[in-house]
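# Structural characterization, general
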Amino acid sequence: MEKFDFARLRFTGETELVRILEEDYALASYYDIFDNKDELENITNHMLANTVKLNKVIAPRLYKLCGEIQEFFGFREAIDFYLYAITEVNAFSINGFGIVPHIICFTSSLIQQLSDDELRFVIGHEIGHLIYKHSQLDVVNKILANRENEEIPAALAIYFLRWQRYAEVTCDRIGYLAMPDIKTIGTVFFKFASGLDEKYLNFDIDEYLKQLDKIREIAVGDFYSTHPNNLVRLQDLIYFSQSVLMPGNKSGKAISEKTLNKRMLELMNLLEIHPKKEKDKRIVEFFASVGIYLAHASGTVTERVWKTLYDWLADYTTQPENYLAFKTYADIKRRMEAICRYYSRQHGGEKFEIFEKLTPPPPYGLNFWRQLCRRRRRKLPAAVLHRTGRCGMVPWRRYGRTLPVRSIRIAVAVFLICPMLFQYRLPAPSSALFEHHCI
Ligand SMILES: [Zn+2]
């Protein structure tokens, strides 16, 4: 029996995302077909040629430390530990998939700056990546990203980025098990953040974490980093250390799993991006409420419609699902009517920005589009011709904007259709639908 329940220790946010990626997106099927033997052998060759492989002769102290922690977790698969001469304070791991031994590499600056206890956390963290086989999804991500002429859907790209950060949080927990002392781990993050050791700076956890309050206040988000920032990671670990998941914390005072997850998600949500400008918030509200309303008009919100709306909102937020979740049908209707009323009172650019977004770009680039229009000039209505300096593009003089003809057609169509939609009473969707799409 395993000494630790690794499935339970895994951050539940990560467990859920892995399920979505592996099952809903069927990415687990790639595990059996991808072949990265050449790549792994190349990496191993590069490591052997350019770095120092640790062993009990060359680095007895470090090698013993690595072995001790591997033993502590009962991880029996072979790991080669390497030392890389670089000034960056860092470490990484690569899964060998049974083809080559797993790789864990430390930078020389990391070894220089960290004490043995601090290294325990880093080694534990890297072994965590191997335990949870994080390289598997990483490889699939790379395969999908490198496919020519095929873009990853926005939802999948967002899930991947979020999963990478959640995976780091999980591995921090494994690191914490190897070195269960917040002060020591805090020093590691402090050294990562400052690049300096205790000779130069006094490390105080509470003082350092005050920076997190400011991040909460600004709420800008930091979604495109593969790792959560050090403050979030440290605060995450403080919660974990006080929770029932930490072996030994059995007292009634420990944080329950439910509370721990709630707090962790609140922290991780600090990294998500949401529209900040009022104008962008309205665009998101428009696409979400009108989109879902129209989708329900046909009786069902299909997966395709859901993904299209998700893609549109992904230009403004990394959590489109939050904006596509409505409590009741009446809520959808009320918000859709309110935002349409808002735009119907607008005379300026905001309304036309929406229409522009609804118009797909010309299929073969703008030049082709213009040439095509030039050829068709005679076929355009006289009124349009009269106002066009350039064929097909109507200078919207009153607002100082230039609009494609197609936008105006759509605008007219929407204005004609919208009043009919307001009057038409739609059947309320089934509750099962809401269970599926509301969060
Ligand atoms: Zn990591």
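The shown structure was predicted, so the numbers you read here are calculated from the model rather than taken from an experiment. (Residues numbered from 1 in each chain as written. Predicted model: local features only at pLDDT ≥ 70, side-chain atom pairs only at ≥ 80, totals over all residues.)

When helices and strands are counted, the chain shows 22 helices and 6 strands. Within the chain, buried positions represent 26% of all 439 residues. Looking at the chain alone, contacts between residues at least 24 apart form 68% of all its contacts between residues at least 6 apart. (Helix = DSSP H or I, 4+ residues; strand = E, 2+ residues; numbered from the N terminus. Buried ≥ 20, exposed ≤ 12 C-beta atoms within 10 Å, placed from the backbone. Contact = placed C-beta atoms within 7 Å.)

Our next topic: the pairing of strand 2 (residues 79-84). Relative to strand 2, strand 1 (residues 52-53) is paired through 2 bridges, and the arrangement is antiparallel. Across the sheet, the residue bridging to Lys53 is Tyr82, located in strand 2. Summarising the sheet, strand 2 and strand 4 (residues 102-107) pair through 6 bridges and their orientation is parallel. Bridge pairing links Phe81 to Ile104 in strand 4. (Pairing = 2+ DSSP bridges.)

We now examine the packing of helix 7 (residues 116-131) against helix 9 (residues 154-178). For the pair helix 7 and helix 9, the least separation of the axes is 7 Å and the interaxial angle reads 130°. Our classification of the angle between helix 7 and helix 9 gives oblique. Of the two possible hands of crossing, helix 7 and helix 9 adopt the one that is right-handed. For the pair formed by helix 7 and helix 9, the contact residues are Arg120, Phe121, Val122, Ile123, Gly124, His125, Ile127, Gly128, His129 and Ile131 on the first element and Thr170, Cys171, Asp172, Ile174, Gly175, Tyr176, Leu177 and Ala178 on the second. (Axes fitted to C-alpha atoms, helices over the stretch in contact; angles between N-to-C directions. Parallel < 35°, antiparallel > 145°, perpendicular 65-115°, else oblique. Left-handed = near helix turned anticlockwise from the far one by under 90°.)

Attention now goes to the environment of Ile185. Topologically, Ile185 is positioned in helix 10 (residues 182-194). C-alpha of Ile185 to C-alpha of Phe121: the two residues are 64 residues apart in sequence and 6.8 Å apart in space. Not counting residues within four places of it along the chain, the set of residues in contact with Ile185 comprises Phe121, Tyr176, Met179 and Leu237.

Right, let's talk about the sheet that holds strand 4 for a bit. Strand order in the open sheet formed by 4 strands is 1-2-4-3, and the pairing between neighbours is mixed. In this open sheet, the two strands that pair with only one neighbour each are strand 1 and strand 3 (91-94). The strands touched by helix 7 within the sheet are strand 2, strand 3 and strand 4, with strand 3 carrying the most contacts at an inclination of about 25°.

With that out of the way, let us pick up the nonpolar core. Generally speaking, a soluble globular protein has its nonpolar side chains buried in company with each other. Within the largest apolar cluster, 56 residues are counted, with the highest numbers of intra-cluster contacts made by Val122 and Trp163. The residues touching Val122, leaving out its near neighbours within four places in the chain, are Ala91, Leu110, Leu114, Gly175 and Val188. Listed in part, the 20 residues of the second largest apolar core include Val284, Phe287, Ala295 and Leu324. (Core = buried A, V, L, I, M, F, W, Y, C linked by C-beta atoms within 7 Å.)

Relative placement of two packed helices is described by the angle separating their axes and the distance separating the axes. Relative to each other, helix 5 (residues 60-72) and helix 7 sit at 50°, their axes nearing to 10 Å. Considering the angle they form, helix 5 stands oblique to helix 7. Crossing hand, helix 5 versus helix 7: right-handed. Contact with helix 5, carried on its side by Leu65, Cys66, Ile69 and Gln70, involves Asp116, Leu119, Arg120, Ile123, Gly124 and Ile127 of helix 7 and no other residues of that element. Residue classes in the contact of helix 5 with helix 7 are distributed as 6 nonpolar, 2 polar and 2 charged. (Nonpolar A, V, L, I, M, F, W, Y, C, P; charged D, E, K, R; others polar.)

This paragraph deals with the confidence of the model for the chain. Confidence along the chain averages 78 in pLDDT terms, with 78% of residues attaining 70 or more. Here residues 363-405 is a poorly scored stretch, pLDDT under 50, and it has 37 contacts once near neighbours within four places are set aside; other chains count. In this model, residues 419-439 is a region of pLDDT below 50 whose contacts with residues beyond four sequence positions or in other chains number 18 contacts. (pLDDT = per-residue confidence, 0-100.)

Within the element layout of this structure, Ile354 appears in helix 18 (residues 349-358). For Ile354, a count of 21 C-beta atoms within 10 Å gives the class buried. If sequence neighbours within four positions are ignored, Ile354 has contacts with Ile283, Phe286 and Tyr343.

Phi at Phe97 takes a positive value of approximately 50°, unusual for a residue other than glycine. With respect to the helices, strands and loops of the structure, Phe97 is situated in the loop between strand 3 and strand 4. In this structure Phe97 comes out as partly exposed when scored by C-beta crowding, with 17 C-beta atoms within 10 Å. Backbone geometry places Lys133, a non-glycine residue, at a positive phi of 50°. Residue position: Lys133 is located in the loop between helix 7 and helix 8 (134-145). Using a count of 13 C-beta atoms within 10 Å as the deciding quantity, one classes Lys133 as partly exposed.

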